Amino acid sequence: MTSLPNIVLVHGAWADGSSWNAVIEQLQAEGYSVTAPQFGLTRLADDVDRLRRVLRRQNGPTLVAGHSYGGQIITALGADAPNVIGLVYIAAFGLAEGESIGALLEQAPAGPALAHLDVDEQGFAWLPQDDFVKHFAADVDPITSKVMFAVQQPLHWSALGEVMGTPAWKSLPSWFLIADGDQAIPPDAQRQFAPRMGATSVEVSTNHVAMVSHPDDVLQLIRKAAGATSS
């Protein structure tokens, strides 16, 4: 009998664990044990430590999925990821060693979702409501996107300069959902991330928050990864 892996879902910047709600509900209905922790988004090292604590609590093999900056967090697990058997990237950063998000974004003009970041006195970057609703969550129902805006978790500006060490995808199988209408992480960048990590990829007509607007496509990829990694 094939056993189901545990699933850990990692949210990105300007979101929180609730962004995975539709995915969590269905995975739980299918018998998966699911955890979607909250991250402070203060420093990459702190977020990775938080993820490691959650992974050590998992009872057995675990599949980890990251959205957006959550891809940075799961990649930074490196070669020693407790209990992890595979990585799933959902419209996420999949950097290689020596790369940073800031350097990547400097290669092209900022997308409309990130064009007017509001950095506060503590160095945390917030998304204005207009940009959030019209660009960050462009294909989400406006009522839902306004709720998402209300619970957004800002990202510390210093995160853009964090340089990636040895990426976890070097030693773990990976899957990647490319969002072809993404207005935060350029789709062309995602199309570069996926093949160089050897990821099994799928391209979906969606904006940045695919797990909210297209949960069925996200679920399909997670199931595929779970099936490939289960014993």
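You'll find the structure just up there.
Residues numbered from 1 in each chain as written. Predicted model: local features only at pLDDT ≥ 70, side-chain atom pairs only at ≥ 80, totals over all residues. Heavy atoms only, no water.

Remarks on the overall build of the chain
Looking only at helices and strands, the chain has 9 helices and 9 strands in total. For the chain, the C-alpha radius of gyration of 16 Å lies close to 17 Å, the compact-globule estimate for 231 residues. Taken along its principal axes, the extent of the C-alpha atoms in the chain is 50 × 40 × 30 Å. A total of 231 residues make up the chain; the buried ones form 53% of that total. Here the analysis covers contacts within the chain between residues at least 6 apart in sequence; of these, 72% occur between residues at least 24 apart. A distance of 8 Å separates the average location of the 13 positive side-chain charges in the chain from that of its 24 negative side-chain charges. (Helix = DSSP H or I, 4+ residues; strand = E, 2+ residues; numbered from the N terminus. Rg over C-alpha atoms; globule rule 2.2 N^0.38 Å. Buried < 20%, exposed > 50% of the residue type's maximum accessible area, 1.4 Å probe, protein only. Contact = heavy atoms within 4.5 Å. Lys, Arg positive; Asp, Glu negative; His and termini not counted. Charge placed at Lys NZ, Arg CZ, Asp CG, Glu CD.)

Considerations on the sheet that holds strand β1 (residues 6-10)
Here 6 strands make up an open sheet; going across it, the order is β2-β1-β3-β4-β8-β9 and the pairing parallel. Sheet topology places β2 (34-35) and β9 (200-204) at the edges, where each strand pairs with a single neighbour. Relative to the sheet, helix α2 (residues 44-56) contacts β1, β2, β3 (62-67) and β4 (84-90), its axis offset from that of β1 by approximately 165 degrees. (Pairing = 2+ DSSP bridges. Axes fitted to C-alpha atoms, helices over the stretch in contact; angles between N-to-C directions.)

Re the environment of Leu 41
Tracing the backbone through its elements, the reader meets Leu 41 in the loop between β2 and α2. The class of Leu 41 is buried, set by a relative accessible area of 0%. Aside from chain neighbours lying at most four places away, what touches Leu 41 is His 11, Gly 12, Ala 13, Trp 14, Asp 47, Tyr 69, Phe 124, Gln 153, Pro 154, Leu 155 and His 156.

Side note on the packing of aromatic side chains
Describing an aromatic ring pair means giving the distance of the ring centres and the angle of the ring planes. With the rule as written, the count across this model stands at 6 aromatic pairs. Both rings, one in Phe 176 and one in Phe 193, keep their centres 6.4 Å apart while their planes meet at 45 degrees; by these two values the pair is tilted. Taken together, the residues span a long stretch of sequence, with Phe 176 in strand β8 (residues 174-179) and Phe 193 in helix α7 (residues 187-196) at a distance of 17 residues. Overall, Phe 176 belongs to the buried group, its relative accessible area being 0%. Classification of Phe 193 as buried rests on a relative accessible area of 2%. Each member of the aromatic cluster is reached from another via a ring pair, and the members are Trp 14, Phe 132, Phe 136 and Phe 149. (Phe/Tyr/Trp six-rings, centres within 6.5 Å; stacked < 30°, edge-to-face > 60°.)

Structural notes on unusual backbone geometry
At Leu 41, a position not held by glycine, the phi torsion is positive, near 55 degrees. Positive phi, close to 45 degrees, is recorded for Ala 91, a residue that is not glycine. Here Ala 91 lies in the loop between β4 and α4 (101-105).

Some remarks on the side chain of Thr 62
With respect to the helices, strands and loops of the structure, Thr 62 is situated in strand β3. At 3.5 Å, the side chain of Thr 62 forms a polar contact with the side chain of Asn 6. (Polar contact = N/O pair within 3.5 Å; in protein donor to acceptor, adjacent residues only side chain to side chain.)

With respect to the pattern of salt bridges
A full pass over the atoms with the stated rule returns 6 salt bridges. Residue Asp 46 pairs with Arg 43 through a salt bridge whose shortest N-O separation is 3.0 Å. Classification of Asp 46 as partly exposed rests on a relative accessible area of 32%. Residue classification places Arg 43 among the partly exposed positions, given a relative accessible area of 43%. Several salt bridges share partner residues, and in doing so they unite Asp 188, Arg 191 and Glu 203 into one network. (Salt bridge = Lys/Arg side-chain N within 4 Å of Asp/Glu carboxyl O.)

Considering the environment of Pro 195
Examined against the element boundaries, Pro 195 turns out to sit in helix α7. When the C-alpha positions of Pro 195 and Trp 175 are compared, they lie 10.0 Å apart, and in sequence the two are 20 residues distant.

A closer look at the pairing of β1
Counting buried positions over the 5 residues of β1 gives 5, a clear majority of the element. The alternating pattern of β1 places Asn 6, Val 8 and Val 10 and Ile 7 and Leu 9 on opposite faces, both of which are buried. Bridging between β1 and β3 involves 5 bridges; their strand directions are parallel. Looking across to β3, one finds that Ile 7 is bridged to Leu 63.

Focus on α2
Between its first and last C-alpha, α2 extends 18 Å over 13 residues, near the 18 Å set by a 1.5 Å rise per residue. The set of residues buried in α2 consists of Leu 44, Asp 47, Val 48, Leu 51, Arg 52, Val 54 and Leu 55. For α2, the angular spread of buried residues about the axis comes to 160 degrees, placing them on one side. (Expected span 1.5 Å × (residues − 1). Arc of directions from axis to C-beta.)

All we've got here are geometric facts, nothing functional implied.
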